[in-house]
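Here is how the chains run, residue by residue.
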Amino acid sequence: MDFWFTLILVVDVIVALCIIGLVLLQHGKGADVGAAFGGGASGSLFGASGSANFLSRTTAILAVVFFLTTFVLAYLVTHKPRVGGGVMDTVKEQAQQPVPTPQAAPDADKAGDAAKSKANEVPK
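Conventions we followed
Residues numbered from 1 in each chain as written. Predicted model: local features only at pLDDT ≥ 70, side-chain atom pairs only at ≥ 80, totals over all residues. Heavy atoms only, no water. Phe/Tyr/Trp six-rings, centres within 6.5 Å; stacked < 30°, edge-to-face > 60°. Buried < 20%, exposed > 50% of the residue type's maximum accessible area, 1.4 Å probe, protein only. Core = buried A, V, L, I, M, F, W, Y, C linked by side-chain atoms within 4.5 Å. Helix = DSSP H or I, 4+ residues; strand = E, 2+ residues; numbered from the N terminus. Contact = heavy atoms within 4.5 Å.

## Points about the packing of aromatic side chains
- Evaluated as defined, the whole model comprises two aromatic pairs.
- Between Phe3 and Trp4, the ring centres sit 5.5 Å apart and the planes meet at 70 degrees, which makes this aromatic pair edge-to-face.
- Given the relative accessible area of 53%, Trp4 is considered exposed.

Right, here's the structure in full:
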């Protein structure tokens, strides 16, 4: 699984760099005016319009490959099988024991206990 992820990631980065290069090689709309005054674009390998078609088609194909590899990478990241768990997965749940409630004191000790309990109370 890690091999395929790495391979697709490398292909994705290479395709992205190729797209950047092809976009920078393409001529803009204003470049046709320069060719009319002797820019020399008509004597290129693909002809005046052939290079634009070749570059734009190649860019479109690489864009499709880029989107497909990006979607595959997104799928691989979100649907990765969980091999290990987090730190809290190893902690076993402990059974909660009820907190013991204080038992009522006899009537004779109520006066002494009342004074002690008032001292330990938190004011509201």
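Resuming the write-up.
## Focus on the nonpolar core
- If you look at the biggest cluster of nonpolar residues, it comprises five residues: Val15, Ile19, Leu22, Leu55 and Leu62.
- Contributions of two or more residues to this core are made by α1 (2-25) and α3 (50-78).
- With three residues, the top contributor of residues to this core is α1.
- The contact partners of Val15, leaving out residues within four places of it in the chain, are Leu62, Val65 and Phe66.

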